[in-house]
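# Breakdown of the fold
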Amino acid sequence: MMLVVAAVTGITLYLAEKNLRATHQEALDAQFQNQVRSFLAVQKARSGAIAEKCRELSHSVRLRAALEEKDFDDLYRNAITELQGVFAASDEGDLDPDVVRASFFRFFDATGAIIPPGKHPAGLPDQEKLDDALAPMAKGLRDLNEQNLAFVALGRGNLPRLLREVVLTKIRDWKGRNLGALVLGFPISHLEKDEGDLDTSINIGIWLDRQLYIDGLNAPDRHQIVERVGSAMAQGAGHVEVDLQGGPHLLFYKALDPDTRLQTAYQVCLYPLAASIREEQALRWKIIAFGLLVMFCGFAASSFLARGLSKPVDRIVAGSVENLSRRKIAEHDLREVNRELEKALSDLKATQQQVIQQERLSAIGQMASGIAHDFNNTLTPILGFAEVMLKNPAMLDDRQETLRCLEMLRTSAQDASNVVSRLREFYRPAETDEEFPIVDLAKIVQQAVSLTEPKWRYQAQATGHTIRVTTAFNATPMIAGEESALREVLTNLLFNAVDAMPEGGSISLETSIEENKAVLRVSDTGTGMSESVRQRCLEPFFSTKGERGTGLGLSMVHGIVERHRGQLEIQSTIGKGTTFIIRIPVAESAPAAAVSLEATLASKSKLKVLIVDDEPRVREVLSIYLRCDGHAVATAASGREALEKFRLQQFDLVILDRAMPEMNGEQTARFIKQLNQNIPVIMLTGFGALIEVTGAQPQAVDVVLSKPVTLDALRRTIDKLLHAA
Amino acid sequence: MERGLLLTIIIAALAAPADCARADASIEGVVALPKPTMARPLNQRYRTDVEVPEAPTDPPIAVVYLLSESPTKDNSAAKSPVKMSQKNAMFDPELLPIQVGTAVDFPNLDDTYHNVFSYSKTKRFDLGRYRKEEKPATVVFDKPGVVTVHCEIHDRMRGTILVLETPYFQKSDASGRYRIDHLPPGRYTLRAWISDNDVREKQIELKNGTSLHVDLPAR
């Protein structure tokens, strides 16, 4: 504590003194600059009138004529006449202090010699002294300006009253030839101290030609100043500190006429530092006193604190009753706080749940639009092929072509149903180890090319461009994958490629095996992507197609590839095209022979089937399916109708829809089972996936099938049911 | 009769110079003149309403005169005063040669004041300020020498009066040509004065009835 206080006091002391000194010096400097300014202003005001008079005089025809004729008598006589009011013949007399009187004047002739005034009173009769003072000026006459201001010292000595300010004005004849000069000197009386100023300790002087002209200094001080100023000027410093007998002083100096071609004069100002030192000392004592006070306060405070701190210890030792009740209050408070914390935590959890829900909802929204997008994609070939066939009935004559088209229709429809089934993803926890069947990548590629034909061939042709699609199967890798999803990948990539080639071009698809990975390359010769587009193109909702695009195609592709534990790489060059490279691990084992059931299920038995559905087209399709297999089919549009028919006829199998008006599938099934316990019931539902997940399979139903149902699935189910039965 | 009288008068008039029957020689030649110097315009001490010409005011002209070895007592000159007037803030003429003893008038023809004076040792005078209608004193130049005449008000005005101890003088033209007629024969000093610093001279002898050609080249 003591140390801290002492240190702080010390530092404060140091800083304050430093600050004070700097401030003081600054103040002095400012004062000095002001002094110089005012000196120069006064000087200018005083010399201004004289200088103007001299300039005017230099044009006097009489003076010129006299100089020219070397009529010096007339010269001085005329000058005295002309200088009336400027020049006082003698230094004494009742002079108005505000009016500057020149104390002498002289003429130089063209060679620079001083023309003696003779009997004329031109001031300063001591010609010898004046000659000494003016000689250097006269010598350099040729190099001087038309008019010059300078300081000269008259005789030896070092008092300011020896100094004169001098105005030298050249005189030229009518042709501009040099005739001589007029020199007029006047005292710098305002430099001399007034009687009233005696108490002012500031001393002002002039430094001229290595001499200091200043009042009231003794020889050693003067000597010291001369030396210090000389060295300071050599170093270019603006001020020096000098230690005179009267105490330390700060000395400032500044050139009064820096542009002169004569001897430069400096104003010198001596400021005694005694006052500031006194101030400094006073401040020092103040700070020390303050420091001591602080220290004392510190002691008092610390002892007080120490006593205060020891008290609680006493109390604990005492273990008073008061202490106990306080603890109870504290415990109560703690419980309160705890409760509040718990509440806050539950609030937080609720909020979190809400956030999660929102997240999920937005995910569903995204997924839904994704599904809509994919669904539309799968609808494209369905619509396309259907239209192609409807508009060209002649095509139907080509059996092969018709079959091909029909095949495509079926595949597309299957894909569409797969798309919808992906809604499951929202209800089923994501399977980390999804098992995929083994599929042939090359075959999927081929299918995708065929499926998208309506777009890349017919649509492009309609706009007058040609798009060529080439495939190269360098290998036919088998991979574990979902066929429809992979087809979707290819469909998307092909559509994108087509959209990227508004002027036509070619798309190449290539499969190969590299480093135990199935590699699929899809390249186009389209517009390509910039680097920024390439980096963002996988983001959902990022699209360059404007309103035509959803921004989901490539993000789907990416998702599917990831799901197959693959990687997606994109290479693109603006103006050249884009290549998508998909790498998916090659399946380890050969596919378990996906034997088609078609052969085995050549329907051993002919069954009587009752089909119940409120949708006539579904009834029709199912009827056709079953009749193709040789079954006898009866149909009912509602549960009521079905029960009536069931009562009247004998059936081997009932296939019914789940969602029907009046009586739904479950109720109908229940009634049917009541009539015949053993009859197999297959339920078709658009919500198949939901039932499967919730496990709420109606008791009266043997098998639930999702719509759309394929012939194969139906056959397999029937087979299974009847065999089991 | 009348005719005879008239003839007599004419003869008498013609005979008058013939009285000094010897004054029949003449001299001519060329003085090589220096190039004119451009005057530098200077600040004027006084403002005047008169336009001060910017051009040089002194195309150098020489005054050529003959000094007789035997000084003549002929003081017949200066019977009437000659003029050096002030016109357009210039002296007219700017260079005036006169014989000693000639009186000169300095009339002011301008609408402004002039103050003609000279500090020359040959003749100091100061006419003070005067206007057009005022008539300043006539100055008699009684010593030979050069007199520079100034106007106190117009610092560019500058006149030169050359006071000569001879009646035989002539100003050259601007190209330096001169000719002096009706000179008595005899030995002379021929001088050309261009400025105080440029005076050329030659000793010549004039013979009656002859014309001498003497050039005075630059030194």
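All of the points below concern the structure found in this document. (Residues numbered from 1 in each chain as written. Chains lettered and ligands numbered in written order. Predicted model: local features only at pLDDT ≥ 70, side-chain atom pairs only at ≥ 80, totals over all residues. Heavy atoms only, no water.)

Once that is clear, we can look at the packing of helix α9 (residues 441-451) of chain A against helix α10 (residues 453-462) of chain A. Residue and element names in this part refer to chain A. Across the interface, α9 lies against α10 with an axial gap of 5 Å and an inter-helix angle of 40 degrees. Contacts between α9 and α10 involve V449, S450 and L451 from the former and E453, P454 and W456 from the latter. Classifying every residue of the contact of α9 with α10 gives 4 nonpolar, 1 polar and 1 charged. (Axes fitted to C-alpha atoms, helices over the stretch in contact; angles between N-to-C directions. Helix = DSSP H or I, 4+ residues; strand = E, 2+ residues; numbered from the N terminus. Contact = heavy atoms within 4.5 Å. Nonpolar A, V, L, I, M, F, W, Y, C, P; charged D, E, K, R; others polar.)

Facing the 23 residues of chain A at the interface are 22 residues of chain B. Interface area for chain A against chain B, summed over the two sides, is near 2100 Å², with a carbon-plus-sulfur share of 46%. Our enumeration of links across chain A and chain B arrives at 6 salt bridges. Across the salt bridge formed by R62(A) and D126(B), the nearest N and O atoms sit 2.7 Å from each other. Joining chain A to chain B, the criterion identifies 11 residue pairs in polar contact (both at pLDDT 80 or more). When contributions to the side of chain A that touches chain B are tallied by element, the ones reaching two or more residues are α1 (2-57), α2 (61-68) and α3 (72-82) of chain A. At 6 residues, the largest contribution of residues to the side of chain A that touches chain B is made by α2(A). (Buried area = accessible area lost by both parts, 1.4 Å probe. Salt bridge = Lys/Arg side-chain N within 4 Å of Asp/Glu carboxyl O. Polar contact = N/O pair within 3.5 Å; in protein donor to acceptor, adjacent residues only side chain to side chain.)

Next up on the list: the sheet that holds strand β5 (residues 178-187) of chain A. Residues and elements named next belong to chain A. Taking strand neighbours across the sheet as the criterion, the 5 strands line up as β2-β1-β5-β4-β3 in an open arrangement whose pairing is antiparallel. Here the strands that pair on one side only, and so sit at the sheet edges, are β2 (114-115) and β3 (147-153). When strand β1 (residues 104-109) meets β2, the two strands line up antiparallel, connected through 2 bridges. Across the sheet, the residue bridging to F108 is I114, located in β2. This element, α3, spans β1 and β2 of the sheet and lies at about 145 degrees to β1. (Pairing = 2+ DSSP bridges.)

Residues and elements named next belong to chain A. For the structure shown, the criterion picks out 4 cavities of 30 Å³ or more. Computed from the structure, the largest cavity encloses a volume of approximately 80 Å³. Lining the largest cavity, in full, are N377, T378, P381, S412, D415, L451, S484, E488 and T491. Secondary structure elements with two or more residues in the lining of the largest cavity: α7 (321-391), α8 (399-421) and α11 (483-499). (1 Å grid on protein atoms, 1.4 Å probe; cavity = no way out; pocket = protein on both sides within 12 Å on 5 of 7 lines; lining within 4 Å. Points joined across faces, edges and corners; volume = space filled by probe spheres on them.)

A few words on the pattern of salt bridges. Counted according to the given criterion, the structure contains 39 salt bridges over all chains. We note a salt bridge from E52(A) to R55(A), for which the minimum N-O separation is 3.1 Å. Taken together, the residues E52(A) and R55(A), both in helix α1 and 3 residues apart, mark about one turn of the helix. What makes E52(A) partly exposed here is its relative accessible area of 38%. Of the charged contacts in the structure, one is a salt bridge between E641(A) and K645(A), with a shortest N-O distance of 3.5 Å. Pair noted here: E641(A) and K645(A) are both in helix α16 (residues 639-648), with a separation of 4 residues, about one helical turn. Via salt bridges that share partners, D71(A), D73(A), D74(A), R77(A), K119(A) and R124(B) belong to a single interconnected network. (Buried < 20%, exposed > 50% of the residue type's maximum accessible area, 1.4 Å probe, protein only.)

Here we come to the nonpolar core. All names here are of chain A. Within the largest apolar cluster, 38 residues are counted, with the highest numbers of intra-cluster contacts made by I507 and L509. Looking at this core, the element that brings in the most residues is α11, giving 8 residues. The residues touching L509, leaving out its near neighbours within four places in the chain, are V445, V449, V469, T470, T471, A472, L490, L494, R521 and V522. Counting 28 residues, the second-largest nonpolar core is a separate cluster that includes V61, V86, L179 and L184. (Core = buried A, V, L, I, M, F, W, Y, C linked by side-chain atoms within 4.5 Å.)

All names here are of chain A. Its place among the elements puts V609 in strand β18 (residues 608-612). As a C-alpha pair, V609 and S623 span 14 residues in sequence and 9.0 Å in three-dimensional space. Other than its neighbours up to four places away in sequence, V609 contacts L626, H631, A632, V633, A634, F651, L653 and I655.

All names here are of chain B. Ordered by their spatial adjacency, 4 strands build an open sheet running β13-β2-β15-β16, and the pairing between neighbours is antiparallel. The strands lining the two open edges of the sheet, one partner per strand, are β13 (169-171) and β16 (198-206). Ignoring which end each strand starts from, the neighbouring axes of this sheet average 20 degrees apart. Strand direction decides the pairing type here: strand β15 (residues 186-195) and β16, joined by 9 bridges, are antiparallel. Bridge pairing in β16 links W193 to V199.

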